[in-house]
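Working through the structure, step by step
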Amino acid sequence: MSESAQPEAADAARRSVRLPRPGHLPLPFIGGALILGLSVFVAAFPGLFAPYDPLAFDYNAVLQGPSAAHPFGTDNFGRDVLSRVIHAYTIDMQIAIFATIFPFVFGTAVGALVGYAGGIAETIFGRVVDAVITFPFLVLVIAIVSVLGPGLGNMYIAVGLVGWVFYARITAAEVRVQKRLDYADAGRAMGYTHARIIFRHLLPNAITPAIVYWMTDMALAILLGSSLGYLGLGAQPPAAEWGVQIAEAKNFMSTAWWMGVFPGLAIVVTGLGFSLLGDGLAELLRTRR
Amino acid sequence: MSLLRVRDLTATFGAGASRLTAVNRVSFDVAQGEVLGLVGESGSGKSVTLRALLRLLPVGGAVSGRVEWEGRDLVTAGDRELRAVRGRQISMIFQEPMTSLNPVLPVRVQIEENLRAHTGLRGRARTARAKELLDLVGIPDAGRRLDEFPHQFSGGMRQRVMIAIALASEPRLLLADEPTTALDVTIQDQILKLILDLKDQLGMSVVLVTHDLGVVAETCDRMAVMYAGRIVETGSVTDVFARPAHAYTAGLMASVPRASAARSVLHSIEGTPPQLDRVPPGCAFHPRCRFATDICRRDVPALEPRVGERLSACHHADAVAAEGSPV
Amino acid sequence: MSETVLSVEDVRKDFPITRGVLERLRGRPQRAVHALNGVSLEVKRGETLGIVGESGCGKSTLARCLVRLLDLDGGRIVHEGTDVSGLTGPDRRAFNRRVQMIFQDPYSSLNPRMSVRQILTEAMRVHDMRPAAEIPARIEELLDLVRLPAGSADKRPHEFSGGQRQRIGIARALCVEPEVLVADELVSALDVSVQAQVVNLLLELQERLHLTVVFVAHDLRLVRHISHRVAVMYLGKVVEVAEAEELFERPRHPYTQALLHAAPSLDPAQRTRAVAARGELPSPIDLPSGCLFRTRCPHAFDRCVVEEPALTPRGTGHVAACHIDAPVFEAS
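Residues numbered from 1 in each chain as written. Chains lettered and ligands numbered in written order. Predicted model: local features only at pLDDT ≥ 70, side-chain atom pairs only at ≥ 80, totals over all residues.

1. Re the sheet that holds strand 9 (residues 222–227) of chain B
All names here are of chain B. Our working definition: When DSSP finds two or more bridges between a pair of strands, those strands are recorded as paired. Secondary structure follows DSSP: runs of H or I at least 4 residues long count as helices, runs of E at least 2 residues long count as strands, and numbering of each begins at the N terminus. In this analysis, axes come from line fits to C-alpha atoms, helices being fitted only over the stretch in contact, and the angle between any two N-to-C directions falls in the range 0 to 180 degrees.
The eight strands lie next to each other as 6-7-8-3-9-10-12-11, forming an open sheet whose pairing is mixed. Every other strand in the sheet has two partners, leaving strand 6 (90–93) and strand 11 (304–307) as the edge strands with one partner each. The mean inter-strand angle of the sheet, taken between neighbouring strand axes irrespective of direction, is 25°. Examined bridge by bridge, strand 3 (residues 35–39) and strand 8 (residues 205–210) share five bridges and lie parallel to one another.

2. Some remarks on the UniProt feature "domain: ABC transporter" (unreviewed entry) in chain C
For clarity, the cut-off: UniProt positions are given in the numbering used here, feature names are shortened, and annotations may be inferred rather than shown by experiment.
Feature annotation in UniProt assigns "domain: ABC transporter" (unreviewed entry) to the following positions: residues 6–260 of chain C. With 38% helix and 25% strand, the stretch residues 6–260 of chain C has end C-alpha atoms that lie 28 Å from each other.

3. Considering unusual backbone geometry
Keep in mind that most residues, glycine aside, have a negative phi and that most peptide bonds are trans. Residue and element names in this part refer to chain B. Note the threshold: Exposure classification rests on a simple neighbour count of other C-beta atoms within 10 Å of a residue's own: a residue reaching 20 or more is buried, one at 12 or fewer is exposed, and one in between is partly exposed. C-beta atoms are placed from the backbone.
Here the phi dihedral of Arg-25 falls at roughly 45°; this positive angle occurs in a residue that is not glycine. Position of Arg-25 relative to the elements: it lies in strand 2 (residues 20–31). Arg-25 gets classed as partly exposed once you count the C-beta atoms within 10 Å, which come to 16. With phi around 60°, Asp-141 is a residue other than glycine that occupies positive phi space. Along the polypeptide, Asp-141 turns up in the loop between helix 5 (123–136) and helix 6 (142–145). A tally of 10 C-beta atoms within 10 Å means that Asp-141 is categorised as exposed.

4. Here's the deal with the arrangement of the chains
Going by this rule: Residue pairs qualify as contacts under a 7 Å threshold applied to their C-beta atoms, which are placed from the backbone.
Of all two pairs of chains that touch, the greatest number of contacts is found between chains B and C. A gap remains between chain A and chain B, with no contact made and the closest C-alpha atoms lying 17 Å from each other.

5. Quick notes on the interface of chain C and chain A
For clarity, the cut-off: In the scheme used here, Gly and all other residues not listed as nonpolar or charged are polar, with Ala, Val, Leu, Ile, Met, Phe, Trp, Tyr, Cys and Pro taken as nonpolar and Asp, Glu, Lys and Arg as charged.
On the chain A side, the residues contacting the 22 residues of chain C number 18 residues. For the side of chain C that touches chain A, the elements supplying multiple residues, two or more each, are helix 3 (89–98), strand 6 (99–102) and helix 4 (116–126) of chain C. Per element, the largest residue contribution to the side of chain C that touches chain A is four residues, and it comes from helix 3 of chain C. Classifying every residue of the side of chain C that touches chain A gives nine nonpolar, six polar and seven charged.

6. Description of the pairing of strand 1 (residues 4–16) of chain C
Residue and element names in this part refer to chain C. Pairing analysis gives ten bridges linking strand 1 to strand 2 (residues 32–44), with the strands arranged antiparallel. Pairing of Ser-7 across the sheet is with Glu-42, part of strand 2. Both strand 1 and strand 4 (residues 74–79) contribute to a ladder of five bridges, which runs antiparallel. By the bridge assignment, Val-8 is partnered in strand 4 with Ile-77.

Put into C-alpha cells, the structure is as follows:
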C-alpha cells in the first residue's frame, strides 16, 4: 500500500507545481538553463574560478597574449583578463536582474489593470506609451543617467522609469484578448472580484509574452549596462565589468585583441543563454486548450 | 447511368508511423440529376472525402483509389486534365463563404474571373452573364451589387455569391461542403431550396456534406452515412430513415430531439467519435454500440447488401433494422 | 410551478458603435446596435424556459443580462421581489450564487491553466459553501453528479473532450448550489451524439436538484424537447411565449411559423420546396418602424408599418405580438 502511495504522491506533487517530466522539457530551455545556471553560479562564487585577483596590477606582464598562465591574456595594467571576465559575471548578472525586475513586475501589473479596465485608462496609457517609444530607449536612459549622475544604482532607476512601459504594453494587449473569453465571464458570473479575475485568472494566461520578453530584456540590459559602462556612465573603473573592459580595450584593438574579444564573447554567450531560455519558456508555458 | 463512380477512395495524411487514414476505401456512385448526402459527425471523413474527389487536400495528404468521371480517373489524371475538370465540370462551395471569397475584390471581378477561365464570354456579354448569375441565385438589385465587396454582403448573401461563382462554368456536378452550417435556420432553408431549384434548372447533380440529418431528410435523394473514415450505410433517404440498417445510423437518428418524446431521455450514443489515430479494431463503432458482439470487435464488416438491397456495414444489420425507425 | 423567480421588465440593451476621431469632429451622432428593445419575460420556479431565435435576436445578450454580466440600458430584472439590475459587490455575489450560467464554448469557458479541482475549489471557497476539509469530498460528489470519470479532478481542461468540458462547466455552476441555471447554447458546439448525452444530463439534474433552467438555443428541436415554456425572440424583442407543445402545435406569430417551417424535419415525406421566410434580418442599427418583422412578413399590412404590436393573450399562457389575431394563418 505504502509503495504504491509514494509514486502517487510524487505524481500529485508534480501536478501541483505543473512541471513536465525532464524528458519532455524543450531543448532550448535545457540549453538556456544550463548556460544561465552556470553563469549565476560563477557570479555568486567568482573566487572559485578566477586564477588571479581581477584588480591586481602586474607591470611585468602587460598586454600579454593568451598563454598557459593567462588563458585570455593580460591587459594594459597586467591584470588577468580571464579573472576580470569571471569577476564581471557578478556585476553583469546583477545588472540583468536588477535592471529588469522592477519593469517586469510593475509593467505586467499595470498592463493587466489597463488591459482589463479598457476605456479611458487604456487611451491615457496609449499616449504614455507613444511618448516613451518616440525616444530611442538608449538615448532616454543616457539622458536620465546624465541628470542623476553615473553609477549602477542610477542606471537601474533610469531603466526602471522607462522599461516598464514595454511590459505593460505587451501584457495589456494579451489581457485584452483574454478578458473576452468566456472563462473571464464565468468568473464574473461567479461573483469574483475584479482583482481575483485579473490576477488569478487573466494574468497567468496573459503573462507568457511578458516573461519571454523579460528574458530578451535581461540580455539587452547586459548590453545596455556594457554600453553605459563603455561610456563611463555605468559601472566605474577599475571594477571588472564587460562594458568597462571593452571600453578599456578600445585603444589596444590592433595590438591586444584579447582584451576586448573575451568580454565580448562573455556577453554573447550570456545573451544566447537568455534567448534560449526565453524560447524554451515560450514553448513550456504555451497554453493548451 | 452514373455520372461519378468512386471506388476504394482512400485519403491519408502524413507518412510512416504517424500516418493517419482519414478516408478508408470509400465507394459510391452519383447518378445524373441526383442529390447525394454525405452525413457524419466531426472526424468521420465526410469533408475529406469531398475534397479528395478533386484532390484538394492540404499539404501532406495523399489520395488513392479511383474517381471515374467521364471515362477518366481523376486520381491519376495529370494536373492539366484535372484543372479542366475542377471548377468547370465539377464546382465546389464551402461552409464559410467569407474566407472563400477574396475580401479586396468586388464580386463582379470574382464571378467574371471564373467566366473568363471557363467560358468564351467577353466584354459586355461577360458582365451581363455575371449579373444574370446573381439574379439566378436570388440576389436582389444584382446590377448594383455586382460592384460591392464581400464584406457588404450578409452571410446568406455571400453564400449565394459563392454559388453564383460555382455555377459560372455551368458545372454538371456541384460539391457542397456544409454550405449552410454557418447560417441561421431561415437562411439555411432559403439556400438549400435555392440549390435544389438550381439543380433542376441546370440539370446538375449535387453531393452535399452535412452533419445534420434534418438537412439530409429535406434535400437529398440518397444518403451515405460515414463513421471513422468509412461509409457504414448507404441507400435512398426514404428507406434509411424508415428503417436504418446500421447501429450508428439508428443511434444518430435517436440522438436528434423529437416532438413526440418531449422532456424524455434521448437515446444517445455513449462515448465520443474516435480520433483518427485511435480507431478501434473491427467495427470502429463497436465500443459505443449496444448490439456489439465478439465478431464486431474482431472483423471489419464489409459494406454489402444486408437488408434487402440496402448496403450496410453492420454485422447485426438485421437486428438493427428489425427495431425500425427511431424517428 | 407558478411562482415567478426572475422577472424581466422592459429590458433594453444597446452596444454603442465606436466612432473615429474624424466622425466625432464632424458631429456624427453616436450610433448603436440595438440588441434588446424592451424585453419582458417571467421565469417560473422549477420550469425550463426555452429562449429561441436566430443570430442577432438578442437571446445571448438577454442571457448575459440575466446573470448580470451586462448592465442594462433600460428596464429592470427582479429576482424574488428584489431589483437586481444595479447590484454590486457582496450583494451581486450573493445573487450570482443563486443564479448561475453555463457557457456555449467548451474551449474558452474554462481557464486552461487551472485543474478541475482548482476551478471548483475556488468557487466554493469564494462563496463559503463548505469547510475546507469537506471540499475534496464535495468535488468527487459533483464530478459523479455530472458523470465525469473518477480521477478527473486533477486534470486540466485540454485533457477532456468537448462534451466532458461542458460537464465541467455544469459542475462549476452547480458547485455553489444555485436555484437558477442560465444555459447559453449549451450543446451547439458539440456533435449530435454527444449533444444528446449532455441534454439528458441537464434533464436529469433539473429533476434531482429542482433547478429552474433558462435554456437559450437556436435549435428548435432541442428547445422543444427540453422546455416547459418557450419564448421566441426576433431583433431584440420577444414575439411569442407559450407552453412548448402549444407553441409548436399552434404557433400564432408569423415569425414563429417561419422558424418552424424552416427547421428541417427528420421525415423525408414532409419535404416542401416552398421557402419558409423570404428576405434577411434588417440591420439592428436602424430598426424598421412599427412591427420589427414586417419587412419579411408575408401577412404585413399598413398598420404593421406604423404601430408596433404588443404581446397580447392568445389563449391560456399564450401571448403573441402580432396585429393579426387569427387562430392559424393560411399555410404559405
